[in-house]
Amino acid sequence: MRLGYTPAFIFSGITASGWGPVTGTKIQFIRGLHNLRPEYKGCVATIGSFDGVHKGHRAILRQLKDKAAQYGLPSVAIIFEPQPQEFFSGEQAPARLMRLREKIEALLEAGVDRILCLQFNRLLRSLSAQQFIDQVLLQGLGIRCLVVGDDFCFGHDRSGNYRLLQEVGSVKGFEVIDTETLEYNGERISSTRVREALDQGDFKLASDLLGHPYRISGRVVYGQRLGRQLGIPTANVQLNRYRAPLSGVYVVEVFSGPDCLPGVANVGVRPTVGDLVKPVLEIHLLDFDGSLYGRRIEVEFKYKVRDERKFDSLDKMVEEIHNDIAVARQYFADHSIDAGKT
């Protein structure tokens, strides 16, 4: 069976996330099992969604790197696109903390040598647990060690588990070790917990769980220019998802190259205008007169101003936006942040 759909490509150099350099002489992102080459066989691997690549994930990735060093083999993270919950639940699936590109960058920054991305579709779902082990782990990757949680389930109807992996590993010659669990304030760090913190506007907790402030990155695109017509120009970033982990109006900092620009942002579907199905990120930059069209930016969320809501008229909406801008200005006045400086 052929699992996957597009050729492999390579990421190297500096991550666009801005969290640090990607090290290593040859770091690969491999999209599809059919793109695995014979020279890729022999590795230490882990499997997961890694949404957010939070501190708990990074503890697993350190464990993966240490084990790979012991074996003298590359480390591999196996991920899925779409994420399994998205395949099964569609628009009702939990909101993604990051897009695929952001995840790739974060995994590489964490030191993973290779990423194998498998398309989660009916074909992959139909594989039995033994077929998954044979086709992906053994024939595809030739794993020598697998780092997974003891609650890991896989294969058709989730029939495969940690015990099966250990049994097959003892026969086929690969080791299976349990992942470390990392806690914060007595609770396990998880993507769900990060989403809950963001939903509550608790950016301090989200940062503590992630290991860095929460950001959304993307390329600035042309919109309908309604904001400019209303005297409040915005930089728009398409989120390309049905649900976002945030919804409402926020005080933000925007990073574009060396620049850090203060602003106020709306994440949502613009109910007053009523022209969106998928959420969009719109940022009004304070005292900025340049253009960001076509540039890739990162938006760091600092404080929630209010929920998104529908107004009776555009005039009322504009009035409230000016109130939001005033809140943002006061926030930056009250905090010792180098917003707007390069």
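Look up: the structure comes first, before these words.
Since the structure is predicted, the reported quantities are computational estimates derived from the model, not experimental observations.

Criteria and thresholds
Residues numbered from 1 in each chain as written. Predicted model: local features only at pLDDT ≥ 70, side-chain atom pairs only at ≥ 80, totals over all residues. Heavy atoms only, no water. Helix = DSSP H or I, 4+ residues; strand = E, 2+ residues; numbered from the N terminus. Buried < 20%, exposed > 50% of the residue type's maximum accessible area, 1.4 Å probe, protein only. Contact = heavy atoms within 4.5 Å. Areas by Shrake-Rupley, 256 points an atom, 1.4 Å probe, with all protein chains shown as cover. Phe/Tyr/Trp six-rings, centres within 6.5 Å; stacked < 30°, edge-to-face > 60°. Pairing = 2+ DSSP bridges. Axes fitted to C-alpha atoms, helices over the stretch in contact; angles between N-to-C directions. Polar contact = N/O pair within 3.5 Å; in protein donor to acceptor, adjacent residues only side chain to side chain. Salt bridge = Lys/Arg side-chain N within 4 Å of Asp/Glu carboxyl O.

Draft legend 1. Molecular detail of the overall build of the chain. A tally of helices and strands in the chain yields 10 helices and 15 strands. Across the 342 residues that make up the chain, the buried fraction comes to 51%. Pairs at least 24 residues apart make up 74% of the contacts formed inside the chain by residues separated by at least 6 positions. Summing over all exposed atoms, the chain offers an accessible surface of approximately 16,400 Å²; the carbon and sulfur share of this is 46%.

Draft legend 2. Summary view of unusual backbone geometry. With an omega of 0°, the peptide bond between Glu81 and Pro82 qualifies as cis. Unusually for a residue other than glycine, Arg158 sits at a positive phi of about 55°. Within the secondary structure, Arg158 sits in the loop between strand 6 (143-148) and helix 6 (162-172). Here Arg158 falls in the exposed class, since its relative accessible area comes to 56%.

Draft legend 3. Just the packing of aromatic side chains, in detail. A full pass over the atoms with the stated rule returns 13 aromatic pairs. Between the aromatic rings of Phe87 and Phe88, the centroid separation amounts to 5.2 Å while the plane-to-plane angle is 85°, which identifies the pairing as edge-to-face. For Phe87, a relative accessible area of 26% puts it in the partly exposed group. Phe88 sits in the partly exposed class, given a relative accessible area of 49%. Taking the centre distance of 6.2 Å and the plane angle of 35° together, the rings of Tyr214 and Phe301 count as tilted. Within this pair, whereas Tyr214 is found in the loop between helix 8 (203-210) and strand 10 (215-221), its partner Phe301 is found in strand 15 (residues 296-306), the two being separated by 87 residues in sequence. Just as Tyr214 is buried, Phe301 falls in that class too. Feature note: the residues Phe80, Phe87, Phe88 and Phe120 constitute an aromatic cluster, connected by ring pairs.

Draft legend 4. Inspection of the sheet that holds strand 15 at higher detail. One closed barrel holds the 6 strands; their spatial order is 10-11-14-13-12-15, and the pairing between them is antiparallel. Averaged over all pairs of adjacent strands, the angle between strand axes in this sheet comes to 45°, irrespective of strand direction. The pairing of strand 12 (residues 248-256) with strand 13 (residues 259-268) spans 9 bridges and is antiparallel. The partner of Val251 across the bridge, within strand 13, is Val264. Sheet strands in contact with helix 10 (residues 314-334) are strand 12, strand 13, strand 14 (280-285) and strand 15, and its direction is about 100° off that of strand 15.

Draft legend 5. Representation of the pairing of strand 10 within the structure. Counting buried positions over the 7 residues of strand 10 gives 5, a clear majority of the element. In this structure, strand 10 lies alongside strand 11 (residues 235-238), joined through 2 bridges in antiparallel fashion. The partner of Val220 across the bridge, within strand 11, is Val237.

Draft legend 6. Up close: the side chain of Gln63. Mapped onto the fold, Gln63 is located in helix 1 (residues 55-71). Of note is the side chain of Gln63, whose polar atom sits 2.8 Å from the backbone oxygen of Asp178. Sequence-distant contacts of Gln63, defined by excluding residues within four places in its chain, comprise Val147, Ile177, Asp178, Thr179 and Glu180.

Draft legend 7. Here's a closer look at the pattern of salt bridges. Throughout the structure, instances matching the rule amount to 18 salt bridges. A salt bridge links Arg215 to Glu300; the nearest nitrogen and oxygen atoms lie 2.9 Å apart. With a gap of 85 residues between them, Arg215 in strand 10 and Glu300 in strand 15 connect regions that are remote in the sequence. Like Glu300, Arg215 is buried. Notably, a salt bridge pairs Glu320 with Arg309, separated by 3.2 Å at the nearest N-O pair. Note that Glu320 is positioned in helix 10 and Arg309 in the loop between strand 15 and helix 10, a separation of 11 residues in sequence.

Note that all results are geometric; they support no functional claim without further evidence.
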